[in-house]
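Descriptive structure summary
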Amino acid sequence: MPLNGPAQLPSLFAAVTPSEKLLSLSPVDIAIIVLYFAMVLGIGWYLKRFTKTGEDFFLAGRDMTAWIAGLSFVAANLGALELMGWAASAYQYGILATHWYWIGAIPAMLFLGIVMMPFYYISKTHSVPGYLQLRFGESARGLSAICFAIMTILMSGINMYSMALVMKIILGWDIHFSIWVSSLTVAVYVVMGGLLSAIFNEVLQFFLIWLGALLISIIGLTETGGWHGMVQRIVERFPGQDFTHLWAGLGSFTSNPMGIQWTGIVFGLGFVISFGYWTTDFLVVQRVLSARDLRSAKMAPIIGSAFKMAVPFIVILPGLLGLAVLPERLVGESQAGPGVHTYNEVLPLMLARYCGPGLLGLGITALIAGFMSGMAGNVSAFATVWTYDIYRAFIRKEASDKHYVDMGRWCTILGVLVSIGTAYLVMQFLSIMDYVQALFSIFIAPLFGTVLLGMLWKRATPAAGFWGLLAGTLSSIAMFLWVEVDHSALRFIALSSHAKDMAENMYRALWSWIICVVVTVLVSVMTKPKPETELAGLVYGATEVPSDGHLPLYQRPIFWAGVVFAVFIILNIIFW
Amino acid sequence: MHNHGSVSIWFFIGALLTTYGVIITAAGIHELSSPPANPPVLSSLHAGIWWGAVLLVIGLIYFVRFFPRKK
């Protein structure tokens, strides 16, 4: 099931053989899409002249304002499959899907900004594996870099395939055309302008996603007569089912459509998975590392969290509106047939319902923009980790800066080609998609344990960092395989035989994180720590973090983090 | 804003939104005289016209505010 973005994406349309397209584009719509492609390529071409050094190519010159870094931080996560997958989840599970945007994102993003960002930023690392190298040494860096590089590029291919299939179903576009045109466009603008180009385009894409999708919610609420009118229609159409309460149905595994209990949401999603993704997944952290100073780096995730909190308005609400207004009942993939639409088609169906010529093109452009922002995030993060944390660390340690920039450009192309290869592989063997998505989530939870202890506990030793990460990752794989082989093992992993896939993910992440932390602590106690002088700039208690105390209140990151957190609490109470 | 160049990202956004605003508003006005064969739900709201106008206004604000000027 989808989580916060690329960490776990939905297997959209995995088993669908489309018989007819959902939408037809007019010449005006085509013109809007073509203009979009021209603009992103133009931005890449323009920025090429400013991308000379490694710092420029891989970290956008570390010159981004808090707003640009913050919007890019959210946009890299706001992929097309995120939009369509979560709208589908909202139709299937109701407002429960909002947990992935609120408790599953906001606390972690604020924690990244306030607590973790100073260490990432002050250490001057260029990547998360790079931080692990500074804190724990080459072994931990190598393990995390290789896992991240492989998973990122495979995920990119899966996204590409899923998006091409979406375009085939919605618009009748040829799959090969979609794959090659969209991926080569991303390759061209990232090769030209590196992270700078990716970030600039992500900010543009962020605007397009919002302006393309927001209209559905506005007209939908107009049709239903507002929120209460929508709720009333849902209750009338689905009696006995609770689609509109966030927490009221989470008392047990059987009292909500998701088959999950509040402990899974709070500890599994809200703590381990969310914190793991938002604080250690280099795809998103890289955007914040590009900030021009420490205050901007702290503010970027806070700005991002405010926008993330609003995303349900363009993603979850259309799914709920679909429950209220669509005349037909949508079904799961396994029940799909000729003339029967699935949950995953709810967003395009709503788009077709409300949008005429021009607006339809804008909506489709929003989906394409979402796909490209996600893919650019993947390939730019892959290029950085490959060049700095694998190539420079283990293959060619001494080379000129220009050589590494050239390597970054080449491996951007290589990354896109491998992604395309993965997309074709998935086309042949659909089950690969599930395994790769699971592996990505498997890796993130223990990585969070390692990074967290590394930042907050001076006693954590280099050996412990490596062995804790390895133990957590292997145990997570073992739990995944155990349930694959023997489904009844779910009662041990997820604490209930009634648990569904979503709950399994939550609890597997929680256990693997605990195992990582326990092993890290035990090995630390038995091995020799680094001298404190070597921990300066890396660990709490050994690092002097510049104070924001001299700034007026409205300029302090902690103040805005408090504001966002207060709104987060209020929203949860309102929709309880 | 990015210090390296004279053109801000906000200018690019303004330019694209302005163009989109013009196209979508024009398409919405055209629909008044030539309604589509299968009009969308609530087509009486003429969403194309006012949403196009919203894009146009936002786009123009960014376009003018961040238009590259020589210092």
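These figures come from a predicted structure and were not determined experimentally.

**Digging into the confidence of the model for chain A**
On average, residues of chain A carry a pLDDT of 85, and 93% of them reach 70 or more. When the elements of chain A are averaged for pLDDT, helix 17 (residues 431–456) of chain A gives the smallest value, 78, and helix 21 (residues 557–574) of chain A the largest, 95.

**With respect to the environment of Ile175(A)**
Residue and element names in this part refer to chain A. Tracing the backbone through its elements, the reader meets Ile-175 in helix 8 (residues 175–224). Distance in space between the C-alpha atoms of Ile-175 and Tyr-161 is 8.0 Å, their sequence separation being 14 residues. Contacts of Ile-175, omitting those with residues within four sequence positions, involve Ala-164, Leu-165 and Lys-168.

**Here's the deal with the environment of Gly276(A)**
Residue and element names in this part refer to chain A. Position of Gly-276 relative to the elements: it lies in helix 10 (residues 262–280). Judged by local crowding, Gly-276 falls into the buried class, with 27 C-beta atoms found within 10 Å. Residues Gly-276 and Leu-452 lie 176 residues apart in sequence; the distance between their C-alpha atoms is 9.3 Å. Here Gly-276 is in contact with Ile-444, Ala-445, Leu-447, Phe-448 and Ala-509, once residues within four sequence places are set aside.

**Some remarks on the interface of chain A and chain B**
At the interface, 29 residues of chain A touch 30 residues of chain B. The set of elements that each furnish at least two residues to the side of chain A that touches chain B consists of helix 1 (27–47), helix 8, helix 14 (346–354) and helix 15 (359–395) of chain A. Residue contributions to the side of chain A that touches chain B peak at nine residues, all from helix 8 of chain A. Tallied by class, the residues present in the side of chain A that touches chain B amount to 21 nonpolar, five polar and three charged.

**Considering the packing of helix 6 (residues 128–136) of chain A against helix 18 (residues 462–485) of chain A**
Residues and elements named next belong to chain A. Contact geometry for helix 6 and helix 18: axes closest at 8 Å, N-to-C directions at 135°. With respect to their mutual orientation, helix 6 and helix 18 come out oblique. Every residue of helix 18 that contacts helix 6 at Leu-132, Arg-135 and Phe-136 is listed here: Pro-462, Gly-465 and Phe-466. Of the residues in the contact of helix 6 with helix 18, the class split is four nonpolar, one polar and one charged.

**Let's talk about the confidence of the model for chain B**
The pLDDT averaged across chain B works out to 86; a share of 89% of its residues lies at or above 70. Overall fold confidence (pTM) sits at 0.85, and the ipTM for the predicted complex is 0.91.

**Some remarks on the nonpolar core**
All names here are of chain A. Within the largest apolar cluster, 218 residues are counted, with the highest numbers of intra-cluster contacts made by Ala-87 and Leu-320. In terms of residue count, helix 8 provides more of this core than any other element does, 23 residues in total. Ala-87 has contacts with Val-315, Pro-318, Gly-319, Val-346 and Leu-347, leaving out every residue within four places of it along the chain.

**Brief notes about helix 16 (residues 401–428) of chain A**
In a regular helix each residue adds 1.5 Å, so 28 residues correspond to 40 Å; helix 16 of chain A covers 40 Å between its end C-alpha atoms and thus fits that length. Burial in helix 16 of chain A covers these residues: Val405(A), Met407(A), Gly408(A), Cys411(A), Thr412(A), Gly415(A), Val416(A), Ser419(A), Ile420(A), Thr422(A), Ala423(A) and Val426(A).

**Topic: the packing of helix 15 of chain A against helix 16 of chain A**
Residue and element names in this part refer to chain A. Where helix 15 meets helix 16, the closest approach of the two axes is 8 Å, and the angle between their N-to-C directions is 125°. In terms of their interaxial angle, helix 15 and helix 16 are classed as oblique. Every pair of crossing elements has a handedness; the one defined by helix 15 and helix 16 is right-handed. Here helix 15 contributes Val-379, Phe-382, Ala-383, Trp-386, Thr-387, Tyr-391 and Arg-392 to the contact with helix 16, which in turn contributes Tyr-404, Met-407, Gly-408, Cys-411, Thr-412, Gly-415 and Val-416. Grouping the amino acids of the contact of helix 15 with helix 16 by side-chain chemistry returns nine nonpolar, four polar and one charged.

Definitions and limits used
- Residues numbered from 1 in each chain as written.
- Chains lettered and ligands numbered in written order.
- Predicted model: local features only at pLDDT ≥ 70, side-chain atom pairs only at ≥ 80, totals over all residues.
- pLDDT = per-residue confidence, 0-100.
- Helix = DSSP H or I, 4+ residues; strand = E, 2+ residues; numbered from the N terminus.
- Contact = placed C-beta atoms within 7 Å.
- Buried ≥ 20, exposed ≤ 12 C-beta atoms within 10 Å, placed from the backbone.
- Nonpolar A, V, L, I, M, F, W, Y, C, P; charged D, E, K, R; others polar.
- Axes fitted to C-alpha atoms, helices over the stretch in contact; angles between N-to-C directions.
- Parallel < 35°, antiparallel > 145°, perpendicular 65-115°, else oblique.
- Core = buried A, V, L, I, M, F, W, Y, C linked by C-beta atoms within 7 Å.
- Expected span 1.5 Å × (residues − 1).
- Left-handed = near helix turned anticlockwise from the far one by under 90°.

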